[in-house]
Amino acid sequence: MRTRSTIYNCNVIELAKIHNRAGNITVVEENINLPFPIKRIYYLYDVPGGGERGGHAHKGLQQLLIAAGGSFDVVLDDGINKKVVGLNRPYFGLLIVPGIWRELINFSSGAICLVLASAKYDKSDYLRDYDEFRNYKIKN
Ligand code: T46
């Protein structure tokens, strides 16, 4: 039996920070600190300060969201519960499992949202209507 995904399956992962006097480096590697193979990387930038993105769910995609620069908040919603996760450090990643509605809000000016994704772009993987998402969650 499949278990319905909830916001409690979405966790913030602390990534190792390798520091020296020239600055920091953080590495993300599948099977080491990421539970899925990386098939696609994209990043959101030049979002106007205070701006918002998202407003959809994915049926199958898993993602790790990182505030590579600046900060933003992610509102996670499983159709029943909601939580807000603030991201503001490049060594924290928010793991989002399939079947979670997300909205990205409160972008700081110049923020960069780096996304590591488990699959290539597929328009049909998106649920972009909230009522459709709620119905999907009842059945899945
Ligand atoms: C997500 C959040 C965090 C492509 O053609 N290929 C791609 O791989 C992506 C991600 C997007 N697009 C096109 C589709 C739209 O015409 O880029 C346009 C903007 O995409 P969207 O409105 O989905 O952007 P966001 O910022 O609302 O959502 C994106 C991701 O789509 C989504 O997976 O979780 O970033």
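Residues numbered from 1 in each chain as written. Predicted model: local features only at pLDDT ≥ 70, side-chain atom pairs only at ≥ 80, totals over all residues. Heavy atoms only, no water.

Concerning the nonpolar core
No. 1: Ranked by size, the top nonpolar core spans 20 residues in total, and within it Leu 65, Val 74 and Leu 76 carry the most contacts.
No. 2: Secondary-structure elements contributing two or more residues to this core are β6 (63–69), β7 (72–77), β8 (82–87), β9 (92–96) and β11 (112–117).
No. 3: Counting residues in hydrophobic clusters, the runner-up holds eight residues, among them Ile 13, Leu 64, Ile 66 and Leu 95. (Core = buried A, V, L, I, M, F, W, Y, C linked by side-chain atoms within 4.5 Å. Buried < 20%, exposed > 50% of the residue type's maximum accessible area, 1.4 Å probe, protein only. Helix = DSSP H or I, 4+ residues; strand = E, 2+ residues; numbered from the N terminus.)

Here we look at helix α1 (residues 130–139)
Residues spaced three or four apart along an α-helix face the same direction, because each turn holds 3.6 residues.
No. 1: Among all positions of α1, only Phe 133, Tyr 136 and Lys 137 are buried. One side of α1 carries all its buried residues, which in axial view fall inside an arc of 100°. Projecting away from the buried face of α1 at angles above 90 degrees are the exposed residues Asp 131, Ile 138 and Lys 139.
No. 2: One side-chain oxygen at the N-terminal end of α1 lies 3.2 Å from the backbone nitrogen of Asp 131; it belongs to Asp 129. (Arc of directions from axis to C-beta. Polar contact = N/O pair within 3.5 Å; in protein donor to acceptor, adjacent residues only side chain to side chain.)

Thoughts on the site of the ligand
No. 1: If you check the shell around the ligand, you find 13 residues, and the closest are Arg 40, Tyr 42, Arg 53, His 58 and Tyr 126.
No. 2: One of the backbone N or O atoms of Gly 54 is found 2.9 Å from an oxygen atom in the ligand.
No. 3: At 3.4 Å, a side-chain N or O of His 56 approaches an oxygen atom of the ligand.
No. 4: Relative to its unbound accessible surface of 650 Å², the ligand loses 68% to contact with the protein.
No. 5: Elements that contribute at least two residues to the shell around the ligand include exactly β4 (40–44), β5 (53–58) and β10 (101–105).
No. 6: Examining the composition of the shell around the ligand, we find that four residues originate from one element, β5, more than from any other. (Near = heavy atom within 4 Å. Areas by Shrake-Rupley, 256 points an atom, 1.4 Å probe, with all protein chains shown as cover.)

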